[in-house]
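# Coordinates in review
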Amino acid sequence: CDVETFTSPPPEVFAQGIDMVIEYLARVEMARTTNDLQLVDIGLQSLPSAVLEMDGLQVLNLDGNNIRSLPPAFTRLEYLQEISLQGNPIVALPPEIGTIPGLKELHYDRTVLRNPPAEILDRGLEVTVAFLRRLYDSRFTGVVDVHAMDLDNLVAAEVWPTQIVTPSITKLNFKSNRLTQWPSWMCERVGGNLNSLSLASNQLASLPLVFGMLGGLTKLNLSQNHLKSLPASVADLTALTKLKIANNDFSIVPPPVFELPNLQILAAFGNELTALPAQIHNLTKLRFLNLSNNQLRTLPPEVGDLTALTDLRLTHNDLETLPSEAGGLVSVTLMHLTHNRLTVLPPEIGYWTSMTELSVASNRLHALPIELGLLTILSRLDMEHNTISVPPAEVVARGPADVVDFMRRICDSRFSGVLNLSGKALKVVNPEIFQIEGLRVLN
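The following refers to the structure shown. Model, not experiment: these values are computed from the prediction.

## Thoughts on the nonpolar core
- Counting residues in each nonpolar core, the largest one holds 135 residues, and the members touching the most others are Trp-182 and Phe-211.
- Of all the secondary-structure elements, those providing two or more residues to this core are α1 (11–14), α2 (18–34), α3 (49–52), α4 (118–121), α5 (125–141), α6 (160–164), α7 (185–188) and α9 (400–416).
- Here this core takes 6 residues from α9, the largest share from any one element.
- Beyond its immediate chain neighbours, meaning those up to four positions away, Phe-211 contacts Trp-182, Cys-187, Leu-197, Leu-199, Leu-220, Pro-231, Ser-233, Val-234 and Leu-237.

## Details of α2
- Across its 17 residues, α2 extends 24 Å between first and last C-alpha, which sits within 8% of the 24 Å expected from 1.5 Å per residue.
- Within α2 the residues assigned to the buried category are Met-20, Val-21, Tyr-24, Val-28 and Ala-31. Along α2, the residues classed as buried sweep out an arc of 105 degrees about the axis, all on the same side. Away from its buried face by more than 90 degrees, α2 exposes Ile-18, Asp-19, Ile-22, Met-30 and Thr-33.
- Buried-residue contacts for α2 involve α1, β1 (36–38) and α3.
- A positive phi of about 60 degrees marks Asn-35, the residue just after α2.

## Some words on the side chain of Asn-317
- Mapped onto the elements of the fold, Asn-317 is located in the loop between β12 (311–313) and β13 (334–336).
- Taking relative accessible area as the criterion, Asn-317 reaches 4% and is therefore assigned buried.
- At 3.2 Å, the side chain of Asn-317 forms a polar contact with the backbone oxygen of Thr-315.
- Contact partners of Asn-317, with chain neighbours within four places excluded, come to Leu-291, Ser-292, Asn-293, Asn-294, Gln-295, Leu-296, His-339 and Asn-340.

What counts as what
Residues numbered from 1 in each chain as written. Predicted model: local features only at pLDDT ≥ 70, side-chain atom pairs only at ≥ 80, totals over all residues. Heavy atoms only, no water. Core = buried A, V, L, I, M, F, W, Y, C linked by side-chain atoms within 4.5 Å. Buried < 20%, exposed > 50% of the residue type's maximum accessible area, 1.4 Å probe, protein only. Helix = DSSP H or I, 4+ residues; strand = E, 2+ residues; numbered from the N terminus. Contact = heavy atoms within 4.5 Å. Expected span 1.5 Å × (residues − 1). Arc of directions from axis to C-beta. Polar contact = N/O pair within 3.5 Å; in protein donor to acceptor, adjacent residues only side chain to side chain.

Below you can see the structure in the form of structure tokens.
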């Protein structure tokens, strides 16, 4: 007969002679009744197609063959309870195994296995299957999500960038593991289609010098590690729009950050920053900036060049003043300045006409600038834990709209000479009101 026309038995079985052919067929036929298939030591190089048609199979023993992987159709064998792959040159357990819901036993050779890593295998079958399921799903979602799997450092250079992070993968999530390093080969050999990478909540103290080779990244999360600097090649991530470097050990904002022309979101809270350099003005597309929980004492005048910025968060710093140039933040809608040492706000806040939320609680303010009255769409104003007398407490108690109206009337009086405070239920008139230059009429 023409061996090449047969799919069962496979050619490698035919090559061993008629006795092996008969043995193979007998085992397959018996399994149709017992749902227990023992294909041990018969020289298989791949899983025979006949096996994939045995939908009710419960036990599959492939020990002592030359199988390196399993076909995608392996997922049909959903009733498998026991799989044995010992004595095969398998360096990575096939992700298809992760689709078998009732699997109770899985046997393999750990001496040659490179994936899943030891820390996964050590935690037992349930965790191993869950890990493989995530890898299997990534083929369809484009997302390798192995967050919170307690992974140590990646060592299987022959597996990760070839069999797992394939060209179809666009997102990697390694958040909440125990990585102390990110291997260079994951930068050099990962496809250019990767656009999102999360290494947050690991134990990274540095990144490889070639990190910039991940040039397709648009989102990068490095928060909650032990980083003190970033490699210069990060500046090559010119497509990056979102960068999180919060809760690290940075004493300065890493210089490569200011060379990212498309950056829109920068989260660097929870570091040890004492100053913001003038280069911040390079980030002309920045919309969100969070530098809370640092040690900032001042802001550079160049912060006013961030005309696209809509959300600025600077809570829990040591700021005593804001530069007048901050008035250039004409697009800002939300600003949090709580828990600083501010004694005054610049009158240039009057240019923040898009502002809807302003928080200046827990500072050292005695008065708000009358230009606050120009913020006509302000809907939330938090100014607790200050000693503010202007506006008076009875106005503040009635909410932001009343505060803005009160300050707006004072602001307008500088030009009209007329100040109408009727209906404001004032208990006292602030002495500052009588110092308004040119005031002619006070109602």
